[in-house]
Amino acid sequence: MMVILGVILVLVGLVVWLAGDKFSWFGHLPGDIRIERKNMRFYAPFMSMLLLSLLFSLLLWLFRRFF
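Summary of the structure given here. Predicted, not measured: the structure shown is a model, and the values here were computed from it. (Residues numbered from 1 in each chain as written. Predicted model: local features only at pLDDT ≥ 70, side-chain atom pairs only at ≥ 80, totals over all residues. Heavy atoms only, no water.)

**Some thoughts on the overall build of the chain**
A tally of regular secondary structure across the chain gives two helices and two strands. Order of helices (α) and strands (β) in the chain, N terminus to C terminus: α-β-β-α. Relative to a compact globule of 67 residues, whose C-alpha radius of gyration would be 11 Å, the chain shows 16 Å and is clearly more extended. Dimensions of the chain along its principal axes, counting C-alpha atoms only, are 50 × 25 × 20 Å. Counting every position in the chain, which comprises 67 residues, the buried fraction comes to 6%. Sequence separation of 24 or more characterises 6% of the internal contacts of the chain that already satisfy a separation of 6 or more. For the chain, the accessible area works out to roughly 6500 Å², and carbon and sulfur atoms hold 74% of it. (Helix = DSSP H or I, 4+ residues; strand = E, 2+ residues; numbered from the N terminus. Rg over C-alpha atoms; globule rule 2.2 N^0.38 Å. Buried < 20%, exposed > 50% of the residue type's maximum accessible area, 1.4 Å probe, protein only. Contact = heavy atoms within 4.5 Å. Areas by Shrake-Rupley, 256 points an atom, 1.4 Å probe, with all protein chains shown as cover.)

**Some thoughts on the environment of Asp32**
Secondary-structure assignment places Asp32 in the loop between α1 (2-18) and β1 (33-36). Sequence separation between Asp32 and Ser48 is 16 residues; the distance between their C-alpha atoms is 6.8 Å. Those residues in contact with Asp32, other than ones at most four positions away along the chain, are Gly27, Tyr43, Ala44, Pro45, Phe46, Met47 and Ser48. A polar atom in the side chain of Asp32 sits 3.1 Å from the backbone nitrogen of Leu29. In this structure the side chain of Asp32 is engaged in a polar contact, spanning 3.1 Å, whose partner is the backbone nitrogen of Met47. (Polar contact = N/O pair within 3.5 Å; in protein donor to acceptor, adjacent residues only side chain to side chain.)

**Side note on the pattern of salt bridges**
Pairs can form between side chains of opposite charge once their charged atoms are near each other. Taken as a whole, this structure holds one salt bridge when the rule is applied. Across the pair Glu36 and Arg34 runs a salt bridge, and its minimum N-O distance is 3.6 Å. (Salt bridge = Lys/Arg side-chain N within 4 Å of Asp/Glu carboxyl O.)

**A word on the pairing of β1**
Looking at chain direction, β1 and strand β2 (residues 41-44) are connected through four bridges and run antiparallel. What sits directly across from Arg34, in β2, is Tyr43. Taking the residues that link successive antiparallel strands as the turn, the β1-β2 hairpin has four residues. (Pairing = 2+ DSSP bridges.)

Printed below as a string of structure tokens:
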């Protein structure tokens, strides 16, 4: 199970790496906090992480429902 999850994680990473320009909107959603000052940078992607959480919850629910 751990090997399968690792392979899936690597495949997702490759897709994001190869199609990185297609995901440029991710991290710049309304609700993501970005503060950049001269000597400080703060970034809190609240809305992006909420979107990912909902997506993974839906995928896990579908997986449990059908398997």
